[in-house]
2 protein chains.
Amino acid sequence: MQIILLSGGSGMRLWPLSNEIRSKQFLKLLRGPGGTMESMIMRVYRQVYEVSPLARITVATGKKQVSIIRNQLGDKVDICVEPDRRDTFPAICLAASFLADMRKVPQEEPVIICPVDPYVGSSYFNAFVEMAALAAAGGANLTLLGLEPTYPSEKYGYIIPEDGERVSRVAAFQEKPDLATARQYLARGALWNGGVFACRLKYLLEKAHGQMDFKDYWDLYEKYSRQEKVSFDYAVAEREDRIQVFRYKGTWKDLGTWNTLTESMEGHTLGKVILNETCENTHVVNELNVPILCMGCRDMVVAASGDGILVSDKGQSSYIKPFVDRIRQQVMYAEKSWGSFTVLDVQEGSMTIKVELMPGHNLYYHSHEHRDEVWTVAEGQGRVILDGQQRRVGPGDVVSMTAGCKHTVFADTRLKIIEVQLGAEISVEDKVKYEMEPQWKSGGEL
Amino acid sequence: MQIILLSGGSGMRLWPLSNEIRSKQFLKLLRGPGGTMESMIMRVYRQVYEVSPLARITVATGKKQVSIIRNQLGDKVDICVEPDRRDTFPAICLAASFLADMRKVPQEEPVIICPVDPYVGSSYFNAFVEMAALAAAGGANLTLLGLEPTYPSEKYGYIIPEDGERVSRVAAFQEKPDLATARQYLARGALWNGGVFACRLKYLLEKAHGQMDFKDYWDLYEKYSRQEKVSFDYAVAEREDRIQVFRYKGTWKDLGTWNTLTESMEGHTLGKVILNETCENTHVVNELNVPILCMGCRDMVVAASGDGILVSDKGQSSYIKPFVDRIRQQVMYAEKSWGSFTVLDVQEGSMTIKVELMPGHNLYYHSHEHRDEVWTVAEGQGRVILDGQQRRVGPGDVVSMTAGCKHTVFADTRLKIIEVQLGAEISVEDKVKYEMEPQWKSGGEL
């Protein structure tokens, strides 16, 4: 069984924890096994393998998320990188071609397509196994997961099944309804459309070639940015006659707003937080290193990160998006494949950043055109490459790089560096990448 | 007219803006002339000189506040530094001896003693002029300022006057009463005791020598830590028979809690703040460089600084003290005589600080026993002295100092430095100061 996890979205609704780079599925707000905190993508990834140790997961995503996915899921997960965001139909076609051409997956093999951010119990992944079997059996071209509604929601699309059986033909799809219509749907036994599809790989490839002109994975990758933005629901599911729905009843939550997310948090606080005894139904998430003191707060959510601070009535927190759109700013914290960076200070003409590398990892070999940089090693041991020359560094060592100097650093242990950037035009865009020499990675001879 | 401004207190009630070093009187939360923000001490200092250009002000305070007073009031203000905090009677006696012995103030000159943190209109300082005239006239030994109460407060001490005249003999002093008693006092024409006293310098010196054994200012300074902690009210005012009260009716506010302070703020926000349209009666003060977004907040105060974040119902904010006592932490921001420092990052074994020097100022010449330091100049021009050797520095220059190295820096322009401290035991106590050579200050020859 192949699973394509669709990882998209910018998740502005969970500002200030989510930002352009760190979408909601990457926020480590859920308690995992052993008490460690995990993100939604980490949770789904773990749950899939708990239920189906032999499943193969491919994450379909955009360039911006590759680093954080590597950081959270490790080096082994397959990532199908979209050169551009073109909605779910092109993304699924690209991932299908990736499986066929890069991974040589047989055309008859069942594929499950699923969003990366539902909060579900493990029975949800048992349903995947059954859906894969249905796809393999071929009684229909496409099998959807239909979620038993718990209330007449206006936020979801609906699937109207032909009958009330566990597996049933789809009579119709319905867009997000108003409340009265949602109530009628529920009375007719309608199900929420959770965006999960099962079919054979062959089916996806046929649909892809049927609607897009391309030869193979590499060709589609090349032509990707010219494809029409269209959803898989619209391009495929709603036009398919041989389609059925698999009824799922169990935990399923869309943790897309602070209001719903806090309901799934274990405990009321994360990070350095003091709630006095007069606080009621208040959740606080603090990623900063200084304490938050809450007194007399009722039905509130407070969230603080390097990007900003949200103080909101829980009901109001759903209306955050237009305000966050107004806050256009520097990303202050990002998890990368090699570790993370935190912006400590922004000034006219300079910026100070904390760079933390995981042992065995390294930055890209790169240079900047318009800024000088000074590194002070605060912790750990590593090797710096400056214009091809290698040098060992440890705590207190300083590395000065003028504009144009090619540089990188290899972390032999966990490495913390304070980087001061200096220049009139400091921008993340100002970066030229270079090939590295293989012996640098291995440590080589000094 | 001499004015002794008493500057004390730690002002934990305005956490996280106030801290050990930055007491409430130093918070720049009030709008001054020309729209610049000013602190309570800056406001009082400005108001005194607007009313009485010839008044002489001496600030009586502890060691910890000297730097921030110089930063906010400049080099010209006289500061009488208490070697230790011993309550108001010893502090006033030390300041009186300072005026007599250091400043050669004539014994007959009137002195006004006043706390540094009332929020008042300028008529309050007109009252000082009249009180000084009363002190000079000698109709009583001591003249108090009595504030016309606006409500039966339980927070203040009361003065019961003999009659309702503008100047009246004092019949009795009363401690902070309960509400019922406060109402009785108001019915009897009682006044709030604002802690303002007028007398001749001679009177203060007599009281000082009467109750403490010392020769002169230098001798009292020497013996200061051995003096009993006692208030001026208790030691002098309540025992004086020839005492009168001057009735003052005008703006007078004690901005000691978030609740009262926010009432005197112009506008509801300071710093980067967005309040959505559903917020009501909410005040937000943000000293951080990232935005605070408030949605659906009612009757709340939100305050954020490098030390922490407060989110409180306004009523609850008065009960902050025990919680702040629990938050024992590093001071993250401090204004010093030479500029300011901001802690950017604290790690095991290292700390990163932004040091900002005002033009023409310099650090003490000092060394550390247990830590190395690395400076990266982010902005400005200056001169570094390392073990007696002078060196010019500008943006991008790096200065590495191992433990024991004597160092300082002179700011020729506004200077910003990122300092990385490295060592197992990083502490503000780890500092040895040295004499500087006079030619360094002047720029000298390189």
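Before going into details, it helps to say that this report is about the structure given with it. Residues take numbers from 1 onward in each chain, read along the sequence in its written order. Chain A is the first chain written and ligand 1 is the first ligand written, with later ones labelled in order. With the structure being a predicted model, the display of local features is reserved for residues of pLDDT at least 70 and the display and counting of side-chain atom pairs for 80 or more, all residues being used for whole-chain, interface and lining totals. The basis for the side-chain values is all heavy atoms of the structure; hydrogens and waters are excluded.

We now examine the packing of aromatic side chains. Both the distance between ring centres and the angle between the ring planes are used here to describe each pair of aromatic rings. Two rings belonging to Phe, Tyr or Trp (six-membered ring only in the last case) form a pair when the distance between their centres is within 6.5 Å. Interplanar angles under 30 degrees mark stacking, angles over 60 mark edge-to-face geometry, and anything in between is tilted. In the structure shown here, the tally under the stated rule is 32 aromatic pairs over all chains. For the pair Y124 of chain A and F128 of chain A, a centre-to-centre distance of 5.2 Å together with 50° between the ring planes defines the contact as tilted. Remark: F128 of chain A and Y124 of chain A occur in helix 4 (residues 123-137); sequence separation between them is four residues, near one turn of the helix. Each ring, one from Y124 of chain B and one from Y248 of chain B, has its centre 5.3 Å from the other, and the planes form 75°; the classification is edge-to-face. Note that Y124 of chain B is positioned in helix 4 (residues 123-137) and Y248 of chain B in strand 12 (residues 243-248), a separation of 124 residues in sequence. No difference in accessibility class separates Y124 of chain B from Y248 of chain B, as the two residues are buried. Among the aromatic side chains, those forming a connected cluster through ring pairs are F98, Y217, W218 and Y221 of chain A. Sitting over a ring, as applied to charges here, requires NZ of Lys or CZ of Arg to be within 6 Å of the ring centre and within 35 degrees of the ring normal. A cation sits over an aromatic face here: R43 of chain A above Y119 of chain A, 3.9 Å from the ring centre. Secondary structure follows DSSP: runs of H or I at least 4 residues long count as helices, runs of E at least 2 residues long count as strands, and numbering of each begins at the N terminus. Remark: exposure states derive from per-residue accessible area (1.4 Å probe, protein chains only) relative to the maximum for the residue type, with buried under 20%, exposed over 50%, and partly exposed in between.

Moving on, we get to the interface of chain A and chain B. Between two residues, a contact is recorded if the distance between any of their heavy atoms is within 4.5 Å. Contacts between the two partners involve 56 residues from chain A, matched on the other side by 56 residues from chain B. Summing both sides of the interface, chain A and chain B together bury roughly 4200 Å²; the carbon and sulfur share of this comes to 67%. Here the buried area means the combined drop in accessible surface, using a 1.4 Å probe, for two parts upon being joined, counting both sides. Of all residues in chain A, L293, M295 and I309 of chain A bury the most surface against chain B, accounting for 16% of the area lost on that side. The term salt bridge refers to a side-chain nitrogen of Lys or Arg lying within 4 Å of a carboxyl oxygen of Asp or Glu. At the boundary of chain A and chain B, one finds two salt bridges. We note a salt bridge from D345 of chain B to K354 of chain A, for which the minimum N-O separation is 2.8 Å. Considering every element that reaches the side of chain A that touches chain B, the biggest residue donor is strand 19 (residues 308-313) of chain A, with six residues.

After a rotation of 179° and a shift along the axis of 0.0 Å, chain A superposes on chain B with an RMSD of 0.1 Å. Here the copies are linked by what is in effect a two-fold axis. Taking C-alpha positions as the reference, the residue of chain A nearest the rotation axis is L344 of chain A, at 2.9 Å. Here 100% of the interface residues in chain A have copies in chain B that are interface residues too; the copies meet face to matching face. C-alpha atoms of residues with pLDDT of at least 70 in both copies form the basis for the least-squares superposition of the copies.

Negative phi is the rule for most residues except glycine; trans is the rule for most peptide bonds. Omega for the bond connecting W15 of chain A with P16 of chain A falls within 30 degrees of zero, at 5°, which places this linkage in the cis form. Looking at where P16 of chain A falls in the secondary structure, it is placed in the loop between strand 1 (2-7) and strand 2 (30-31). Positive phi outside glycine occurs at N281 of chain B, with the angle close to 45°. With respect to the helices, strands and loops of the structure, N281 of chain B is situated in the loop between strand 15 (273-275) and strand 16 (283-286). Not every positive phi belongs to a glycine, and D387 of chain B is a case in point at roughly 45°. Looking at where D387 of chain B falls in the secondary structure, it is placed in the loop between strand 25 (382-386) and strand 26 (389-393).

Let us now look at the pattern of salt bridges. Going through the model one piece at a time under the given rule, you end up with 50 salt bridges over all chains. A cluster of three or more residues bridged by salt bridges with shared partners is formed by D345 of chain A together with K354, E356, E379, R414 and K416 of chain B.

Relative placement of two packed helices is described by the angle separating their axes and the distance separating the axes. All names here are of chain A. Axes here mean lines fitted to C-alpha atoms, for a helix over just the part in contact, with angles spanning 0 to 180 degrees between N-to-C directions. Two elements in contact, helix 1 (residues 40-51) and helix 2 (residues 66-73), have axes separated by 10 Å at closest approach and are oriented at 55°. When the interaxial angle is binned, helix 1 and helix 2 end up oblique. Crossing of helix 1 over helix 2 shows right-handed handedness. Across the interface between the two elements, I41, M42 and Y45 of helix 1 pack against I69, Q72 and L73 of helix 2. When residues are sorted by character, Ala, Val, Leu, Ile, Met, Phe, Trp, Tyr, Cys and Pro go into the nonpolar class, Asp, Glu, Lys and Arg into the charged class, and all the rest, Gly among them, into the polar class. When its residues are assigned to classes, the contact of helix 1 with helix 2 shows five nonpolar, one polar and no charged. Roughly parallel covers angles under 35 degrees, roughly antiparallel covers those over 145, roughly perpendicular covers 65 to 115, and oblique covers all other angles. Two helices crossing with the near one rotated counterclockwise from the far one by less than a right angle form a left-handed crossing, whereas a clockwise rotation gives a right-handed crossing.

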